[in-house]
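The chain contents come next:
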Amino acid sequence: MPTANATTRLLYVMDPMCSWCWGFAPVIAQLVELAADYGVDTEIRVGGLRQEHQPLSPDKRRYILQHWQTVAATTKQPFNFAQGLGPDFIYDTEPACRALLAAQQLDQANNTAQRWSYLKTLQTAFYCQAQTLTEPVLIQLAQRCDYPSAEFIELLSSDCLKQQTEQQFAWVRQLPSSGFPSVFISHQQQLLLLTNGYQPAEQLAPQLRAWLMTHA
């Protein structure tokens, strides 16, 4: 395996509570593994899909659940349609995004597998187990992924991390593409778009491999 290429990274732009990002989970897993084969690390950038303050109306809930049906049919990822987006659910993804940033900062010995495990745990809890990703739930899920509880709680509630989360949202908003998921190749201070929106691994993996063979 080649040594790590510090000048090239794969950037995964997403939101833990974005349904297309959940649908894309098996695809990004293959892309991360492929990039690692060429010594290229993958960094997650969170975008802040929704920051609402009122519970979903019944019409809005039906609309989103219909959207989930489309994602499920396209990607074959599982969804809990019966219990998802329960009564009084407020669609605010900032806490989950902030928790994912906290996890990345606390990864032990640069254990990138740990952050991917936490991301999958968040997505599974929300989409399959119908859990609302409040801060107490986010902390419990972090403990399940072996993050140190006291450190995670302190970082999650820190003003510094809240500012970093907002800064990352702002960085994502200024990207030349909109929507999640998006994957970029960061190379020599340039961003090359691999995909904006869901595409299957059979389409993306050959494109990424061809690029890595000539550049990484």
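Since this is a predicted model, take the numbers as computed values, not measurements.

S.K.: Mind showing me how you'd approach the side chain of Thr75 here?
M.R.: Tracing the backbone shows Thr75 in helix H3 (residues 58-75). A polar contact is formed between the side chain of Thr75 and the backbone oxygen of Val71, at a distance of 2.8 Å. The residues contacting Thr75, other than those within four sequence positions of it, are Trp20, Gly23 and Tyr198.

S.K.: Honestly, the nonpolar core in this entry has me stumped. Any pointers?
M.R.: The tendency in soluble globular proteins is for nonpolar side chains to be buried side by side. Counting 71 residues, the largest nonpolar core has Leu31, Tyr118, Leu133 and Phe152 as its most contacted members. Broken down by element, this core gets its largest block of residues, eight residues, from helix H4 (residues 94-106). Discounting residues that sit within four places of it in the chain, Leu133 has contacts with Met17, Pro95, Ala96, Leu122, Ala125, Phe126, Leu138 and Leu141.

S.K.: In this structure, what is going on with the packing of helix H6 (residues 135-144) against helix H7 (residues 149-156)? I would like to understand it.
M.R.: A packed helix pair is summarised by two numbers, namely the angle formed by the two axes and the spacing between the axes. Orientation of H6 relative to H7, taken along the N-to-C sense of each, is 145°, at an axis distance of 10 Å. Between H6 and H7 lies a crossing whose hand is right-handed. Contacts between H6 and H7 involve Glu135, Leu138, Ile139, Ala142 and Gln143 from the first element and Ser149, Phe152, Ile153 and Leu156 from the second.

S.K.: How should the pattern of salt bridges be read in this particular structure?
M.R.: Side chains that carry opposite charge are capable of pairing whenever their charged atoms lie near each other. With the rule as written, the count across this model stands at seven salt bridges. Put simply, Glu43 and Arg9 hold a salt bridge, and the shortest N to O gap is 2.3 Å. Taken together, the residues Glu43 in strand S2 (residues 41-46) and Arg9 in strand S1 (residues 8-14) connect sequence positions 34 residues apart. Using a relative accessible area of 29% as the deciding quantity, one classes Arg9 as partly exposed. In this structure, Glu135 engages Arg98 in a salt bridge whose closest nitrogen and oxygen atoms are separated by 3.0 Å.

S.K.: Help me understand the side chain of Ser19, please; the structure alone is not making it clear to me.
M.R.: By the element assignment, Ser19 lies in helix H1 (residues 19-23). Apart from the residues lying within four places of it in its own chain, the contact partners of Ser19 are His67, Trp68, Val71, Phe79 and Tyr127.

S.K.: I tried to follow the packing of aromatic side chains on my own but got confused; where do I start?
M.R.: Between two aromatic rings, the relevant description is the distance of the centres plus the angle of the planes. Enumeration over the complete set of coordinates arrives at 17 aromatic pairs. Aromatic side chains Trp20 and Tyr198 sit 5.8 Å apart centroid to centroid with 35° between the ring planes, which places their arrangement in the tilted category. Remark: Tyr198 occurs in the loop between strand S4 (190-196) and helix H9 (201-215) and Trp20 occurs in helix H1; sequence separation between them is 178 residues. Looking at Tyr198, the relative accessible area reads 24%, which means it is partly exposed. Both rings, one in Trp68 and one in Phe79, keep their centres 5.5 Å apart while their planes meet at 40°; by these two values the pair is tilted. Here the residue Trp68 occupies a position in helix H3, and Phe79 occupies one in the loop between H3 and H4, the gap between them amounting to 11 residues. By way of ring pairs, the aromatic residues Trp22, Trp68, Phe79, Phe81, Phe89, Tyr91, Phe126 and Tyr127 are connected into one cluster. When the ring centre of Trp171 is taken as origin, the NZ or CZ atom of Arg45, which lies over that ring, is 4.3 Å away. Just above the ring of Tyr91 sits the side chain of Arg50; from NZ or CZ to the centre is 4.8 Å.

What counts, and where the lines are drawn
- Residues numbered from 1 in each chain as written.
- Predicted model: local features only at pLDDT ≥ 70, side-chain atom pairs only at ≥ 80, totals over all residues.
- Heavy atoms only, no water.
- Helix = DSSP H or I, 4+ residues; strand = E, 2+ residues; numbered from the N terminus.
- Polar contact = N/O pair within 3.5 Å; in protein donor to acceptor, adjacent residues only side chain to side chain.
- Contact = heavy atoms within 4.5 Å.
- Core = buried A, V, L, I, M, F, W, Y, C linked by side-chain atoms within 4.5 Å.
- Buried < 20%, exposed > 50% of the residue type's maximum accessible area, 1.4 Å probe, protein only.
- Axes fitted to C-alpha atoms, helices over the stretch in contact; angles between N-to-C directions.
- Left-handed = near helix turned anticlockwise from the far one by under 90°.
- Salt bridge = Lys/Arg side-chain N within 4 Å of Asp/Glu carboxyl O.
- Phe/Tyr/Trp six-rings, centres within 6.5 Å; stacked < 30°, edge-to-face > 60°.
- Lys NZ or Arg CZ within 6 Å of the ring centre and 35° of its normal.

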